[in-house]
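Descriptive analysis of the structure
The lines below spell out each chain.
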Amino acid sequence: MLVQEAVFDRWPGCVVQFEDFETSKAIPLLAKYRHKYRCFNDDIQGTGCVTLAGIMGAAKQAGVNLTDMTFMCAGAGSAGLGVCKQIVEGMVAAGLTREEAMSRFVICTSVGALGKADGSCGNPNAKRGINEERLEWVNPAVPDGMSMVDVIKTFKPTCLLGLAAQNGGLFTETMVSSMLAYCERPIVMPMSNPTSKHECTPAQAYQWTNGKAVVATGSPFDPVTLPDGSVRVTSQCNNVYVFPGIGLAASIAGVKEITDGMLYAAAVACADAMTDKEKGEGRTFPCISRIRDVSHAVACAVIQEALDSKMTTAFTRLQMSPTEIANLVARKMYNPTYSPLVDPRG
């Protein structure tokens, strides 16, 4: 008996979360089990979900719709492409066709854009071979091997995604500042960890755009004071905003599987949880001190999606009011309050 089968045979109501599996193993394992068991991979689905939530939060700050956005992604590894796929799923859920959503992305490898092999930029990706995973991301709107600087000037992405995990500094002043020519509020998301691998810092992004950039990062950074004295608080795009709520909802509802629709619902709930005060501070995520409120909102949204898609096994009815769901989730949330082991009276 396989480990996964044994786990669900012994604990049929459990939720399995894959964490820190090597990417080359994580992707096929997820593909093999996600439609059979109640499981998800936090490094792939959780990261993609929380990045989508950050993009939605950034879109609110920039005053744009998700379906109107375009992306340039620095990094074409399996993990980075997994994040981009989750964003595509979100754009499809928001109304685009899959083809339309995919066309909004230009993915850049270490030798330039994955684009049309027309020879104008030397076709470096085509010459060294494009594997099947990357092939679907080839965008004919740009030539194979086009530099990131030129991609920004010609493709005009409204969001820069940094998922390269290479030496820091991939996003230069020329790249970021040139976005102002066509984009009032550029969205810059240097997501690579650790800090030494960040594509740029929040301070640089704000400086290069005269404070107009909307920034979210993969690592924590201190608030930035702008020349006019205003302070920008840069949110860390951390999976903790979504995976506790997703796991709680999956357990409570006994979902048959964790679907892309549930991940999209989680991202929307996370972004919608921001207050006006948090938006005014420049955040793209709620303050981490409110994480329990956010987890509650995420769990409620995932359960609602599970009910709507008839994917629950733990409920005797498929209709519950928002208040009923909210009360149920609140009762099921763990509260780390303990009785003292020693009598405080001595």
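Residues numbered from 1 in each chain as written. Predicted model: local features only at pLDDT ≥ 70, side-chain atom pairs only at ≥ 80, totals over all residues. Heavy atoms only, no water.

**Some remarks on the overall build of the protein**
Assigned secondary structure in the protein consists of 15 helices and 13 strands. Its C-alpha radius of gyration of 21 Å places the protein within 12% of the 20 Å reference for a compact globule of 346 residues. Taking the principal axes of the C-alpha coordinates as reference, the protein spans close to 70 × 55 × 40 Å. The buried share among the 346 residues of the protein stands at 49%. Relative to all contacts within the protein whose residues are 6 or more apart in sequence, the contacts with residues 24 or more apart total 68%. Only carbon and sulfur atoms are counted for the fraction: they give 53% of the accessible area of the protein, which is about 16,100 Å². Placing the 31 positive and 33 negative side-chain charges of the protein at their respective mean positions leaves the two points 2 Å apart. (Helix = DSSP H or I, 4+ residues; strand = E, 2+ residues; numbered from the N terminus. Rg over C-alpha atoms; globule rule 2.2 N^0.38 Å. Buried < 20%, exposed > 50% of the residue type's maximum accessible area, 1.4 Å probe, protein only. Contact = heavy atoms within 4.5 Å. Areas by Shrake-Rupley, 256 points an atom, 1.4 Å probe, with all protein chains shown as cover. Lys, Arg positive; Asp, Glu negative; His and termini not counted. Charge placed at Lys NZ, Arg CZ, Asp CG, Glu CD.)

**Some details on the layout of surface pockets**
There is about 580 Å³ of room inside the largest pocket. Forming the walls of the largest pocket are 23 residues, and the residues nearest its centre are Asp-43, Thr-47, Ala-79, Met-191 and Asn-193. Contributing elements (two or more residues each) for the lining of the largest pocket: α2 (23–33), α3 (42–62) and α4 (78–93). In terms of residue count, α4 provides more of the lining of the largest pocket than any other element does, four residues in total. Its residues assigned to classes, the lining of the largest pocket shows nine nonpolar, 12 polar and two charged. A volume near 470 Å³ is recorded for the second largest pocket. Lining the second largest pocket are 19 residues, and of these Arg-34, Ile-44, Gly-82, Lys-85 and Glu-89 sit closest to its centre. When contributions to the lining of the second largest pocket are tallied by element, the ones reaching two or more residues are α2, α3, α4 and α5 (98–103). Per element, the largest residue contribution to the lining of the second largest pocket is six residues, and it comes from α4. Its residues placed into classes, the lining of the second largest pocket shows seven nonpolar, five polar and seven charged. (1 Å grid on protein atoms, 1.4 Å probe; cavity = no way out; pocket = protein on both sides within 12 Å on 5 of 7 lines; lining within 4 Å. Points joined across faces, edges and corners; volume = space filled by probe spheres on them. Nonpolar A, V, L, I, M, F, W, Y, C, P; charged D, E, K, R; others polar.)

**Topic: the nonpolar core**
If you look at the biggest cluster of nonpolar residues, it comprises 72 residues, and the most contacted ones within it are Phe-105, Leu-161 and Ile-246. Among residues more than four places away in sequence, those in contact with Ile-246 are Phe-40, Cys-49, Ile-258, Leu-263, Ala-266, Val-298 and Val-302. Met-148, Phe-155, Tyr-206 and Val-224 belong to the second largest nonpolar core, which has 25 residues in total. (Core = buried A, V, L, I, M, F, W, Y, C linked by side-chain atoms within 4.5 Å.)

**Here we look at empty space enclosed by the protein**
In the structure shown here, the tally under the stated rule is one cavity of 30 Å³ or more. Taken as a whole, the largest cavity encloses approximately 30 Å³ of empty space. Taken together, Gln-61, Arg-185, Tyr-206, Ala-213, Val-214, Arg-232 and Gly-282 form the lining of the largest cavity. Residues belonging to the lining of the largest cavity are distributed by class as follows: three nonpolar, two polar and two charged.

**What about the pairing of strand β8 (residues 159–162)?**
Side-chain alternation along β8 places Cys-159 and Leu-161 on one buried face and Leu-160 and Gly-162 on a second face that is also buried. By the bridge criterion, four bridges tie strand β3 (residues 71–74) to β8 in an arrangement that is parallel. Counted as the bridge partner of Phe-71 is Cys-159 from β8. Bridging between β8 and strand β9 (residues 187–190) involves four bridges; their strand directions are parallel. Bridge assignment links Leu-161 to a residue of β9, and that residue is Met-189. After leaving β8, the chain enters helix α9 (residues 173–178) and then returns to the sheet as β9, a path that is right-handed. (Pairing = 2+ DSSP bridges. Right-handed = clockwise from strand over helix to strand, strands pointing away.)

**As for the sheet that holds β3**
Taken in spatial order, the seven strands make up an open sheet running β5-β4-β3-β8-β9-β10-β13, and their pairing is mixed. Sheet topology places β5 (112–113) and β13 (235–236) at the edges, where each strand pairs with a single neighbour. In this structure, β3 lies alongside strand β4 (residues 105–109), joined through four bridges in parallel fashion. Looking at β4, one finds that Ala-74 is bridged to Cys-108. Its contacts with the sheet put α4 on β3, β4 and β8, and the angle it makes with β4 is roughly 180 degrees. (Axes fitted to C-alpha atoms, helices over the stretch in contact; angles between N-to-C directions.)

**So, the packing of aromatic side chains**
Each pair of aromatic rings is reported with the distance of its centres and the angle of its planes. All chains considered together, the criterion is met by six aromatic pairs. Relative to Tyr-37, the ring of Phe-8 lies with its centre 4.9 Å away and its plane at 20 degrees, an arrangement referred to as stacked. A residue pair is termed long-range when its members are at least 10 positions apart, and Phe-8 in helix α1 (residues 3–10) and Tyr-37 in the loop between α2 and β2 (39–41) qualify at 29 residues. Given a relative accessible area of 10%, Tyr-37 falls into the buried group. The interplanar angle of 50 degrees and the centroid separation of 5.8 Å between the aromatic rings of Tyr-33 and Tyr-37 together place this pair among those described as tilted. Across the pair, Tyr-37 and Tyr-33 agree in class, each one buried. Within the aromatic cluster, the residues linked to one another by ring pairs are Phe-8, Tyr-33 and Tyr-37. (Phe/Tyr/Trp six-rings, centres within 6.5 Å; stacked < 30°, edge-to-face > 60°.)

**Focus: the pairing of β4**
Across the five residues that make up β4, a large majority, five, are buried. Alternating residues of β4 divide into Phe-105, Ile-107 and Thr-109 and Val-106 and Cys-108, and every residue in both groups is buried. Bridging between β4 and β5 involves two bridges; their strand directions are antiparallel. Its bridge partner lying in β5, Cys-108 is registered against Ala-113.

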